[in-house]
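# Structural features, examined
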Amino acid sequence: MTEEQEAVKTICPYCGVGCGIKVQPGAKPGDMRFVPWGDAPVNEGRICIKGGAATEVVDHEDRLTDPLVKEDGEFREASWGEAFDRVVGELERIREEHGPDAMGFFGSSKTMNEENYLLQKLARRYGTNNVDNCTRMCHASTVWALRTSLGAGAMTNSMADLEEAADVFWIQGANPGEQHPIANSQYFRQAVLEGATVIQVDPHANKTTRSFQIEETDRHMHLQLNPGTDIPLLNVVIKTVLENGWIDEEFVAERTEGFEHLEETLADFDREEAAEQCGVPLEDIELAAEKYAMANNAAIFTGMGMSQHTCGVDNVQNEINLALVTGNVGRPGTGVNPLRGQNNVQGTCDVGAMPNVLPGYQPVDDDEARKSVEAVWGFEVPPEPGLTNVEITRAAGDTVAGLYIMGENPVMSEPDGNRVEERLRELEFIVAQDIFMTETAKYADVILPATTWAERGGTVTNTDRRVQRMRPVRKVHGNTKHDLEIVSEVGTRLFGEGFDFEDPEDVFEELRQVCPSYHGMTYDLLGEEGIHWPCYEPGDEGDPYLYEESFDTESGLGHIEGVRHQPPRETPDEEYPMILTTARLEEHYNTGTMSRRSPTLNRQHPENFVDIHPNDAERYGVSDGEDVTIRSRRGEITVRANVTEAIKEGSIWTTPHFAAASANRLTNDVLDERAKIPEYKAAAAEIEVG
Ligand code: SF4
């Protein structure tokens, strides 16, 4: 057998683009390396710096290799038998003493569909819907708005059709140049080379701005708005569209409902005042509106700059409003398209690791839906929706006594990390499954060492709804277990039946029975290309774009609803005169658990920093490169100042990746009322030199 024949085709473990990679196992774990896969379905062989460094964490010296149990405040090694006994014993005790809702279960988009499916089934068999995953933190509001107004909480289109058909990319609160590098360089860049226009709406000039040289051409535009003013900006755009008669009247009449509400909402709307509030010249917004409305096909891309607000649902609803009034949905090159974070960002929700829905987004409080799932599972599911992530950690030590965490790191990922740590200390029991000793795992009572992306198989669903297979390259540490094996063992020990599966494919076969949009998929049919959901029957090829004929709402119509400006919960005042906003870097990955341990990535950005506008730097006496302390009502961090016009005056910008100085020591845990997503993108803050 040649080296080439032995290489394994799998999926990059990092972002939601879901690039195919081909990995040569090598003679020993440290020799693992990439080999070309030129016809990989999503990325045609290209990978970014993060994907290229993915093997560096697999055999890292920090890997957890044996189960650990805490005794007198210290971890010691234990056998798997002892660790499982302790986990099962504590889960049984908590249920007996406090009831099933005293446990919370955290899935993760770093883990696969089968693993999240089994974890949410475990929670429901235990008797609680307190199960959630990290996508709550990134796009819960997007999912809510898209599901309610169009039908499915996912990208309406796919990257390939956007590249081929879109004339205008409206990118608001997203930064594909940094967060989805291959989507940006392969799909969007190609479209731009062929004439497409980019309109970027963001308080921060970033790699997306630079990659399209937006500031240097007349064709593209960057509307650099104040953080938290997305609704007024879009209302200026929509009102401009209405006043100029640029609406698609036929589409609005035949395919939408609620247009009158939008008209009423905007009847007394003052565009000049709103433009001033946004900090963007009115004529620039009007020009952007014209470019979008005059395009044959215009696509909206939306990111966490929109979703991570207390008005996150309304932010996305207003993007939907714009798309619907101009008829830009239901065709190639159009739609409202969330660019989402992790390689299984879509699937974790699809398979039901959420407190309010079962697999396939079937509401847990819908009797008929619940009964159909119960018929497959053979047990009753509680009918009341459970708590979300932040609600669970807020209730820790109060109504919640224990946490089961699979691959998630809430100390770093949730806002107000100091609060999270305080609450974790109050818990009676925490079990963490992970590959490294994370900032959260330190609080656990039992740590179960899991395998990495390169060691196990399963499926992941990327940001454009493509379900793809991951395949194991090689096992690295003999005493680690796959997440699926661990959850399966815990479930079997607790309940005897319903959790004993042979392999990931066996789990997938059950998953497709209860998840209608996956029903037509099998491992064989997924092959190397994967399939975009919905795929209802074997042989369906999946839909590259949605809503050609009708929307998946009860009425079959797209729902328009006018929204008004809601400022962030914290606005600048005398004590905290700046607005802090946050985002991620290309070279790091969310809480940094993997990327901070990757030498290639860490070399690029070994520490955190803060972007400050030159005028603000002068006002506060800050020099480029010196240390500054940033304080909010929740905590403080000390980081290096990067004085730059990239950030809007009056705002500062930093990242959540670094444990020593994470933005999430400062961010506000106030939630969007409906989607329960925290307001990461706007917090009042002050700066002090030193
Ligand atoms: Fe991996 Fe995303 Fe980079 Fe592709 S773009 S190689 S999926 S990190």
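Residues numbered from 1 in each chain as written. Predicted model: local features only at pLDDT ≥ 70, side-chain atom pairs only at ≥ 80, totals over all residues. Heavy atoms only, no water.

## Some details on the overall build of the protein chain
Counting its secondary structure elements, the protein chain contains 26 helices and 30 strands. For the protein chain, whose C-alpha radius of gyration is 24 Å, the value lies close to the compact-globule estimate of 26 Å for 690 residues. When the backbone C-alpha atoms are referred to their principal axes, the protein chain occupies close to 70 × 60 × 55 Å. Residues counted as buried form 66% of the 690 residues belonging to the protein chain. A separation of at least 24 residues holds for 75% of the contacts in the protein chain among residues at least 6 apart in sequence. Summed over its atoms, the accessible surface of the protein chain is roughly 23,900 Å², and 42% of this surface lies on carbon and sulfur atoms. Computed over 61 positive and 123 negative side-chain charges, the inter-centroid distance for the protein chain is 4 Å. (Helix = DSSP H or I, 4+ residues; strand = E, 2+ residues; numbered from the N terminus. Rg over C-alpha atoms; globule rule 2.2 N^0.38 Å. Buried < 20%, exposed > 50% of the residue type's maximum accessible area, 1.4 Å probe, protein only. Contact = heavy atoms within 4.5 Å. Areas by Shrake-Rupley, 256 points an atom, 1.4 Å probe, with all protein chains shown as cover. Lys, Arg positive; Asp, Glu negative; His and termini not counted. Charge placed at Lys NZ, Arg CZ, Asp CG, Glu CD.)

## Describing the sheet that holds strand β16 (residues 402-406)
The pairing of strands in a sheet happens through backbone hydrogen bonds and is either parallel or antiparallel. Strand order across the open sheet formed by seven strands is β5-β4-β18-β17-β16-β6-β7, with mixed pairing between neighbours. Unpaired on one side and paired on the other, β5 (74-77) and β7 (131-132) mark the two borders of the sheet. Looking at chain direction, strand β6 (residues 103-106) and β16 are connected through four bridges and run parallel. Bridging from a neighbouring strand, Met103 pairs with Gly402 of β16. Against the sheet, helix α22 (residues 483-495) engages β16, β17 (429-434) and β18 (446-449), with an angle of about 150° to β16. (Pairing = 2+ DSSP bridges. Axes fitted to C-alpha atoms, helices over the stretch in contact; angles between N-to-C directions.)

## A look at the pattern of salt bridges
Pairing is possible between side chains of opposite charge, provided their charged atoms come close. Tallied over the entire structure, the rule returns 39 salt bridges. Here Glu455 and Arg63 are joined by a salt bridge, their closest N and O atoms 3.1 Å apart. Residue Glu455 is found in the loop between β18 and β19 (458-461), and its partner Arg63 is found in the loop between α2 (49-52) and β4 (68-71); the two are separated by 392 residues along the sequence. A salt bridge links Glu421 to Arg665; the shortest N-O distance between them is 2.9 Å. You can see Glu421 sitting in helix α21 (residues 417-425) and its partner Arg665 sitting in the loop between β27 (651-654) and β28 (668-671), a full 244 residues away along the chain. For the pair formed by Glu421 and Arg665, the shared burial category is buried. Among the charged side chains, a network of salt bridges with common partners joins Glu90, Arg93, Glu97 and Glu428. (Salt bridge = Lys/Arg side-chain N within 4 Å of Asp/Glu carboxyl O.)

## Details of the environment of Val622
Checked against the element boundaries, Val622 lands in the loop between α26 (614-620) and β25 (627-631). Sequence separation between Val622 and Gly690 is 68 residues, and the spatial gap between their C-alpha atoms is 9.2 Å. Those residues in contact with Val622 that sit more than four places away from it in its chain are Ile612, Ala617, Val628, Ala641, Val643, Ile687 and Val689.

## With respect to the sheet that holds strand β10 (residues 221-223)
Taken in spatial order, the five strands of this open sheet run β10-β9-β8-β12-β13, and their pairing is parallel. Strands with a single pairing partner mark the edges of an open sheet, and in this sheet they are β10 and β13 (336-338). Averaged over all adjacent pairs, the angle separating strand axes in this sheet is 20°, with direction ignored. Relative to strand β12 (residues 298-302), strand β8 (residues 168-172) runs parallel, the two sharing five bridges. Paired with Val168 across the two strands is Ala298, which belongs to β12. Set on the sheet, helix α16 (residues 312-325) makes contact with β8, β12 and β13; between it and β12 the angle comes to about 175°.

## Looking at the site of the ligand
Around the ligand sit Cys12, Tyr14, Cys15, Gly18, Cys19, Ile47, Cys48, Gly51, Pro181 and Ile182, and those are all the residues in its vicinity. For the shell around the ligand, the per-class residue count stands at eight nonpolar, two polar and no charged. (Near = heavy atom within 4 Å. Nonpolar A, V, L, I, M, F, W, Y, C, P; charged D, E, K, R; others polar.)

## Describing helix α12 (residues 259-266)
Three or more residues of α12 are buried, namely Phe259, Leu262, Thr265 and Leu266. All buried residues of α12 fall inside an arc of 120° around its axis, so they share one side. For α12, exposure combined with an orientation more than 90 degrees from the buried face picks out Glu260 and Glu264. In the core, the buried residues of α12 are packed alongside α10 (230-243), α11 (249-255), β11 (256-257) and α16. (Arc of directions from axis to C-beta.)

## Some details on the side chain of Asn133
With respect to the element layout, Asn133 can be found in the loop between β7 and α5 (135-149). In this structure Asn133 comes out as buried when scored by relative accessible area, which is 0%. A polar side-chain atom of Asn133 sits 2.6 Å from a polar atom in the side chain of Thr135. The contact partners of Asn133, leaving out residues within four places of it in the chain, are Gly107, Ser108, Ser109, Thr348, Cys349, Ala353, Met354 and Asn389. (Polar contact = N/O pair within 3.5 Å; in protein donor to acceptor, adjacent residues only side chain to side chain.)

## Section: the domain arrangement of the protein chain
Domain boundaries assigned for the protein chain yield domain 1 (3-57), domain 2 (68-134 + 344-453 + 478-500), domain 3 (138-338) and domain 4 (578-689). The distance between the C-alpha centroids of domain 2 and domain 4 comes to 30 Å. Between domain 2 and domain 4, the contact holds 21 residues from the first and 23 residues from the second. Summed over both sides, the interface of domain 2 with domain 4 buries roughly 1,800 Å², with 54% coming from carbon and sulfur. Connecting domain 2 to domain 4 are five salt bridges. (Domains from an automatic or database assignment. Buried area = accessible area lost by both parts, 1.4 Å probe.)

## With respect to the nonpolar core
Core analysis: the largest hydrophobic core is formed by 159 residues, its most contacted members being Leu122, Phe169, Trp170, Leu233 and Tyr404. Setting aside its immediate chain neighbours within four residues, Trp170 contacts Ile199, Val201, Leu233, Leu234, Val237, Ala288, Ala289, Tyr292, Ala299, Ile300 and Phe301. Core analysis: the second largest hydrophobic core is formed by 19 residues, Leu68, Ile405, Ala444 and Ile447 among them. (Core = buried A, V, L, I, M, F, W, Y, C linked by side-chain atoms within 4.5 Å.)

## Observations concerning the packing of aromatic side chains
Counted according to the given criterion, the structure contains 16 aromatic pairs. Ring centres 5.3 Å apart and planes at 75° place the aromatic pair Phe169 and Phe301 in the edge-to-face group. Of the two residues, Phe169 sits in strand β8 while Phe301 sits in strand β12, which places them 132 residues apart along the sequence. One exposure class covers both Phe169 and Phe301, and it is buried. Seen from their ring centres, Phe188 and Phe301 are 4.6 Å apart, and the 50° between their planes marks the pair as tilted. Placement of the pair is Phe188 in helix α8 (residues 181-193) and Phe301 in strand β12, with a sequence separation of 113 residues. Both residues of the pair, Phe188 and Phe301, count as buried. Among the aromatic residues, ring-to-ring pairing joins Phe105, Tyr126 and Tyr404 into one connected group. Over the aromatic face of Phe379 sits the side chain of Arg125, whose NZ or CZ is 5.5 Å from the ring centroid. Positioned above the aromatic ring of Phe436, the side-chain terminus of Arg597 is 4.3 Å from the ring centre. (Phe/Tyr/Trp six-rings, centres within 6.5 Å; stacked < 30°, edge-to-face > 60°. Lys NZ or Arg CZ within 6 Å of the ring centre and 35° of its normal.)

## Focus: the packing of α10 against helix α14 (residues 282-294)
Interhelical geometry of α10 versus α14 gives an angle of 60° and a closest axis separation of 9 Å. With respect to their mutual orientation, α10 and α14 come out oblique. The handedness of the crossing between α10 and α14 is right-handed. Along the contact surface, α10 presents Leu233, Val236, Val237, Thr240 and Val241, while α14 presents Leu282, Ile285, Glu286, Ala289 and Ala293. (Parallel < 35°, antiparallel > 145°, perpendicular 65-115°, else oblique. Left-handed = near helix turned anticlockwise from the far one by under 90°.)

## Structural notes on the confidence of the model for the protein chain
Overall, the predicted model of the protein chain reaches an average pLDDT of 95, with 99% of residues at or above 70. Below pLDDT 50 for its whole length, residues 1-5 participates in seven contacts with residues either more than four positions away or in separate chains. (pLDDT = per-residue confidence, 0-100.)

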